[in-house]
Amino acid sequence: MSASVEVEQPMVSVRDVDRTYGTGRAAVHALRGVSFDVAPGEMVALVGRSGSGKTTLLNVVGGLDRADAGTVRVGGTEVTSLDDAGLVRLRRDTVAFIFQTFGLVPILSAAENVGIPLRLRSLPVVDRERRVRLLLELVGLGTHADHRPDELSGGQQQRVAIARALAGSPRLLIADEPTGQLDSETGQAVMALIRAVVEAEGMTAIVSTHDPVMIGLADRAIRIVDGRLLDA
Amino acid sequence: MSAAWWFVVRRARTQVAVLVAVLVVLVAGSTLLGTCALLLTTAQDDALAAALREADPGAVDVSASLDVVGGDPAALVAAAHRVVDTTLAPLGSTTSTWLRSAMVSVPGTAAEPVRQGYLESASDIADHAHLTAGRWPRAQPADGTWETAVPELTAQQLGLRPGDRLELSGAAGTRAGTATPGVSVVVVGVFTPTVAQADTWSRDLLDGAGYSPSWAKPGSAGWVTLPTYGPFVVDPAAILTGAAGLAQVSLVALPHLAAATPAALDAVRVSLSAGSRELAAAAGDRVRTSSVTSELTRTLDIAGSQQRVTRSGVLVLALMGTVLVAAGLGLAGQIVSGRRRVERELLVARGIGRLQRVAAATGESLVLALVSAGIAIPLSVALYGRISALPLLVHAGVTGRATVTSALVASVLAGSLVLASVLVVPAIRSTDEPARSRSRLRGAVARSGGDLVLLGLAAVSYLQLRDHATGQGAGVDPVLVAAPVLCLVAVAVVALRVVPWAARAAEGGARRSRRLVVPLAAWEVARRPQSVVVGLLLVLGTAAATFGVSFDRTWSVSQSDQADARIGTALSVDLSPLPTVAQGTVLAGATGGSPAPVTHRSIGVGAWSDSSTTGGTGGTWLVGVDTTRASTLLRGRLPGAETWAGLTAGLAPTAAVPSVPIASDATGVQLTITGTGTGGGRPLRVVPTVVVQDRWGNRSPLIGTSVSLDGQPHLVALPFPPSPRPVTGELTVVGVGLRVASDEAADPASRVLSTPLTVTTEIRGGSRTASSSGADWAVSLPITSLPSVTGATAMATVEGGVTTVTTEATFATYLASVSPGELMITPFTAPAEVPVVVSEDLARRTSSGPGKELELTIGAATVHARVVATAPYVPSAVGHPAILADEDLLSRALLGQLEPATLTDAWWLGTTDVTAGTADRVRGLGLGEPASAATTTDQLSTGPLRVGIRVALGLLVVAAVVLAVAGTVLHTVASLEARAVEVARLLGIGIARRAVVASLVLQHAAVTLLVVGAGAVAGGVAAVVVGPHLAVSETGQVPVPAPVPVVPWAVEAVLVGGLLVLLTAAVLPVAQVLVRRAGAAHLRLDGTS
Ligand SMILES: Nc1ncnc2c1ncn2[C@@H]1O[C@H](COP(=O)(O)OP(=O)(O)OP(=O)(O)O)[C@@H](O)[C@H]1O
Ligand SMILES: [Mg+2]
């Protein structure tokens, strides 16, 4: 495995990325010259204190936010030079997000939420429903398919979010403090689930957290302090 | 400053935009109310002034008349003037004075030994007559001779020309033994009366005719008829100081109404009621009868009731507008409180109690209300100014300028305060969020309970409205004003409840779709709890707008229906005085149409049951028209598919009267009468009357002079009434009446009991040929127990244009004083009964229906009628029990009853004969004031006292559309902003911005479609169900014919379609901006899901 890392292109390649909010005296340098690579199939933990720039970095990598300088490549595509349509395509086909606050559409049931990425690809209804059932069973919510988010616990909601993230078969999974709103036990279970599906689907993953326990589940950890990476 | 107040002020500074939005809605609502207040007050005052300005003089003038028996004439006239002047003192007036002398003898001739005449002075004679020769008489008598002007016919009959002198000796036997000395006059002018105002010449003894061959006057032995001539128009002094003596005083005072104030009108109303009494007191025993009469009080009453009806109509619409604005403000309040939720929670957390919060909210609303009132008052005045410049109001003459009145200030202030209080509601409500989900079920139950209460209220008020008592009271019935609003709101609320069900139907489709955008929109529509307030606003707004548009049509159509039914035809001219032989031709010439002679008068009706008369009814209107032309002549809506032609089928006679042409020249027609018969040793005398019919079916009698039945042929001249002259050779004879009498100077010694009588009447038709045959002719005799004429037969021979009718009978001379020796010869057999259509109320009152018999008393004659059908009303006789018959058959029946008098009371022009200028051309003929259905429609729907309803409807529709659009935009901005986080999530999942915008617009369009659709249905239902009951007549009664709901589909479609497009278009930019702005930053705010 380590031999192939040498020759294979990295799944994520970040070079000298800067991101500054505001200007002048009020300017906040959220990211300063960040560079790192993530190999395909690797699960990386992004670790840092609150306000250190984790969310900013993940949003830039996933194309939700734009870098002021530097380049980001995901799966060989230069994200930093993509136009709006390109970014939409990137998020639809390559990258999937898991948010700290789960980000489910409140009026849709668990199954319908999971079905969204499949609908984006216009999958035939029968195929879509089969895959949704499969994914919900995978995250252990086969019996909760028709529940709305407000009828699910936080952990269950996050599992639905994971199922939805997996639905589009992304090559890169970005999870921003997926356990942030969960108690530590549930958090561990969710983290273990992410670990398991990443391995099962052969995905690459970047997971931000400031929970040391979670870090242990990752292949390696990247530490960020005040927008700079600490060499681990 | 309390903590809460400090917070309110700080907050106001940061939430300027929201508060401005609230203020805009508030100002709009208050302005609507203010404008309605001006419509109710200023506009109505203007309208009354305009209505009185336009009123017919006959509807507002005050006339005083005195039948004088003695006393000082000048003092009497002065007293009458005083009474009239003081009665109208608050307004000021212009008075015209007509004085008439007692009868004087006019020098006779051998043919007409006894003649009478009268002097008359009319202060405004020059306005009502034109001179054909000479000049008007002057005041100063020259050598004791008074100057006079005479009517053309008087001049013609008496052979007078300017310069001729005439000795009019003292009264011919008025009061036996008190013969007054004579008056000598010199003719200085000859005139013809003009009949621009038909009423004017009714003040003259002979209605301006100038001559009557037999004017009846009381004689020593019953009524005596004498040939009468006049008026000899003279200076008033001739009557006041002259020898003839004053017999009649007639004053007509036209009040100055242009600047009439309501107070002055009230004062006049009071003094008018006492007018007759005061005149009688002033005149004392110098008069036989005296009276002060005026239509002014009635005119004011009608105007008052019109005002009342219009006021309550405007109030209804203003109330609808207020409910709309309240819904709009409810929405605004909800948005404000939504924005302030976090702050409120903070305040609660800081220990600020509900009471303090409510106090702060109340203070804030108070400030808003005052600011809004301050803006709305001048805005209302300005808006009213714009409205009064609209063609509709200019046309109605309601163009007065509005000023700030106390009514305006009061209603705007009250409206602002009430509306602003809606904003306090969210502060009173509990803020506990969790309670909301817990009480969802309870809320639903409470809501449906509330719906039921509302529906119940609406049902009760609808029933009230349906059997509403007529608007008789002075005030406005609050139940009737609230009823339509309640019904509209109830229907709207019910319609709103249906919306979610319709939306849920979309869900299934969403599940089965493989795509995202449309299903997402469908889910949003079906599952996201929609704001009830914005829904209510939209439903109500749409409902009010569609209701307004439809009611406007329903109302207008009803006014036009009422006008049609009231006039009965396209254009009618009521005649006073009687029609002349030539009128039809004159009318036809002026209008290019076919005028129809019409009977239109009040008659007595007896109901027949088992050959005994029961329950007679007076005041029934008889309308006789040519029913073969009913489809174009008769107007007025009938229920269902019924038509007037269908209803009146079978009323007309099967065959036309055979044509018996008669030659005529410019002055009259001639008959040749040869006859035998003796009484008292001398030949009997006979006075022939010929009933002639013109081309248009108008029949009028021409009375000839008496001829002797001495076996010799006598040429009898039957003169036409004064101008206009008929067209020569158009007349046919439909009846010849003969009145047989023995010579007054007969020798009593040679009296015989009875004598055979033969009268041969030769009617020469000139170059025209007659179509009657000898067999057609029949003789009718008076129905009496002691007939003086018996055994009458008629034999006719027709040769080319000459018809010769020989009548043989036996004349009982000894009975001549008991029953007149009359007979009527007609070229047809008189019908035994006349089929008629009766109005439903007459049928009810006489408990008659199809098949029943009625007895109609027309003049001295009695006609048997058989009811063949009932109609809801009879055209031109709305509001009265009435009978509709065929004019031709009716006239034939009357001729059979020896009644030659004309039946023509009016001329009608049918739909096909009337164009824009017809009324003016007819007015120019001076026959009488024409009344047209079009003008009446105009008066009813856009007259000064009526137009307020239209304006208020327009305002309501505009306000509804504006509020719906403004509310939607406000709501969309607020609701989409609240969903910014969700939009960011969707974008994060990988949905393109355009797809998100599409989904947002789609769901809004869908909701809008449902809600607007529900509103349109609600408005339509309200218009169909409630509208007809709101369209009351101008006096507040249920209109005749009953109003039918009218939905102008095309206009409604444009309105609803436009509203949909407008509302959807308003959402697009908001959604675009929102989606463009949504990004990573929003995801950070993601705290609530
Ligand atoms: N839209 C913004 N405008 C200004 N500054 C911002 C904005 N978003 C983030 N920042 C700043 O950028 C810095 C990095 O923020 P970021 O959210 O990336 O931190 P984080 O590591 O995710 O923190 P946490 O663990 O609390 O989520 C912070 O100092 C934050 O204040
Ligand atoms: Mg973060």
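Residues numbered from 1 in each chain as written. Chains lettered and ligands numbered in written order. Predicted model: local features only at pLDDT ≥ 70, side-chain atom pairs only at ≥ 80, totals over all residues. Heavy atoms only, no water.

**As for the side chain of threonine 591 of chain B**
Residues and elements named next belong to chain B.
- Here threonine 591 lies in helix α22 (residues 583-591).
- Of the residues examined, threonine 591 reaches a relative accessible area of 11% and is grouped as buried.
- Of the polar contacts made by the side chain of threonine 591, one reaches the backbone nitrogen of glycine 593; its length is 3.2 Å.
- With near-sequence residues (within four places) excluded, threonine 591 lies in contact with Leu909, Asp913, Thr918, Arg921 and Val922. (Helix = DSSP H or I, 4+ residues; strand = E, 2+ residues; numbered from the N terminus. Buried < 20%, exposed > 50% of the residue type's maximum accessible area, 1.4 Å probe, protein only. Polar contact = N/O pair within 3.5 Å; in protein donor to acceptor, adjacent residues only side chain to side chain. Contact = heavy atoms within 4.5 Å.)

**Things to note about a nonpolar patch on the surface**
All names here are of chain B.
- Taken together, the side chains of Leu452, Leu455, Val494, Val498 and Trp501 make up a nonpolar region of the molecular surface, amounting to roughly 510 Å² of accessible area.
- Of all the secondary structure elements, the ones that give two or more residues to the nonpolar patch are α18 (440-466) and α19 (478-512).
- Inspection of the secondary structure assignment puts valine 494 in helix α19. (Patch = residues over 30% accessible without salt bridge, like charges linked within 9 Å, V, L, I, M, F, W, Y side chains within 5 Å. Areas by Shrake-Rupley, 256 points an atom, 1.4 Å probe, with all protein chains shown as cover. Salt bridge = Lys/Arg side-chain N within 4 Å of Asp/Glu carboxyl O.)

**Points about the site of ligand 1**
- Neighbouring residues of ligand 1: 13 residues in total, closest Ser50, Gly51, Thr55 and Thr56 of chain A together with Arg1084 of chain B.
- What surrounds ligand 1 is not a single chain but chains A and B.
- Residue lysine 54 of chain A places a side-chain N or O atom 2.8 Å away from an oxygen atom belonging to ligand 1.
- Here an oxygen atom of ligand 1 and a side-chain polar atom of threonine 56 of chain A are 2.5 Å apart.
- Among the secondary structure elements, those contributing two or more residues to the shell around ligand 1 are β2 (28-38) and α2 (54-62) of chain A.
- Per element, the largest residue contribution to the shell around ligand 1 is 3 residues, and it comes from α2 of chain A. (Near = heavy atom within 4 Å.)

**Re the sheet that holds strand β22 (residues 714-719) of chain B**
Residue and element names in this part refer to chain B.
- Ordered in space as β22-β16-β24-β27-β26, the 5 strands form an open sheet in which the pairing is antiparallel. The open sheet has two free edges, formed respectively by β22 and β26 (789-799), since each of these has just one partner strand. Strand-to-strand twist across the sheet, computed as the mean angle between neighbouring axes with direction ignored, equals 25 degrees.
- Sheet analysis places strand β16 (residues 668-676) next to β22, joined by 6 bridges and oriented antiparallel. Residue pairing in the sheet places leucine 671 in a bridge with valine 716 of β22. (Pairing = 2+ DSSP bridges. Axes fitted to C-alpha atoms, helices over the stretch in contact; angles between N-to-C directions.)

**Quick look at the interface of chain B and chain A**
- With 28 residues of chain B at the interface, the matching set in chain A holds 34 residues.
- Per-residue buried area on chain B facing chain A is highest for Arg514, Arg527 and Ile989 of chain B; these three make up 24% of the total on that side.
- Our enumeration of links across chain B and chain A arrives at 2 salt bridges.
- Here arginine 527 of chain B makes a salt bridge to glutamate 112 of chain A, at a shortest N to O gap of 2.6 Å.
- Our count for the contact surface shared by chain B and chain A stands at 12 residue pairs in polar contact (both at pLDDT 80 or more).
- Elements supplying a minimum of two residues to the side of chain B that touches chain A: α19, α20 (517-527), α30 (980-989) and α34 (1080-1084) of chain B.
- Among the elements that make up the side of chain B that touches chain A, the one with the highest residue count is α30 of chain B (6 residues).
- A per-class count over the side of chain B that touches chain A returns 12 nonpolar, 4 polar and 12 charged. (Buried area = accessible area lost by both parts, 1.4 Å probe. Nonpolar A, V, L, I, M, F, W, Y, C, P; charged D, E, K, R; others polar.)

**Digging into the pattern of salt bridges**
Residue and element names in this part refer to chain A.
- For the structure on display, the rule yields 29 salt bridges over all chains.
- The residue glutamate 177 makes a salt bridge to lysine 54 at a minimum N-O spacing of 3.9 Å. Pair noted here: glutamate 177 is in the loop between β7 (172-176) and α7 (184-201) and lysine 54 is in helix α2, with a separation of 123 residues, a long-range link. With respect to class, glutamate 177 is no different from lysine 54; both count as buried.

**Considerations on the nonpolar core**
- Residues Leu119 and Phe232 of chain B are the most contacted members of the largest nonpolar core, which totals 160 residues.
- Top contributing element to this core by residue count: helix α11 (residues 296-339) of chain B, with 16 residues.
- Those residues within four positions of leucine 119 of chain B in sequence are excluded, and the remaining contacts are Leu99, Arg100, Ser101, Leu168, Val183, Val185, Phe232, Val234, Ile239 and Ala244 of chain B.
- Of all hydrophobic cores here, the second largest spans 36 residues; its members include Ala145, Ala161, Ile162 and Met214 of chain A. (Core = buried A, V, L, I, M, F, W, Y, C linked by side-chain atoms within 4.5 Å.)

**Examining the packing of helix α21 (residues 532-567) of chain B against helix α29 (residues 947-978) of chain B**
Residue and element names in this part refer to chain B.
- For the pair α21 and α29, interaxial distance at closest approach is 9 Å and the crossing angle is 160 degrees. Regarding the angle of α21 to α29, the classification is roughly antiparallel. Handedness of the α21/α29 crossing: left-handed. Across from Val534, Leu537, Leu538, Gly541, Ala544, Ala545, Gly548, Val549, Phe551, Asp552, Trp555 and Ser556 in α21, the residues of α29 making contact are Ile949, Arg950, Leu953, Leu956, Val957, Ala960, Val961, Leu963, Ala964, Gly967, Thr968 and His971.
- Here the contact of α21 with α29 is built from residues that sort into 16 nonpolar, 6 polar and 2 charged. (Parallel < 35°, antiparallel > 145°, perpendicular 65-115°, else oblique. Left-handed = near helix turned anticlockwise from the far one by under 90°.)

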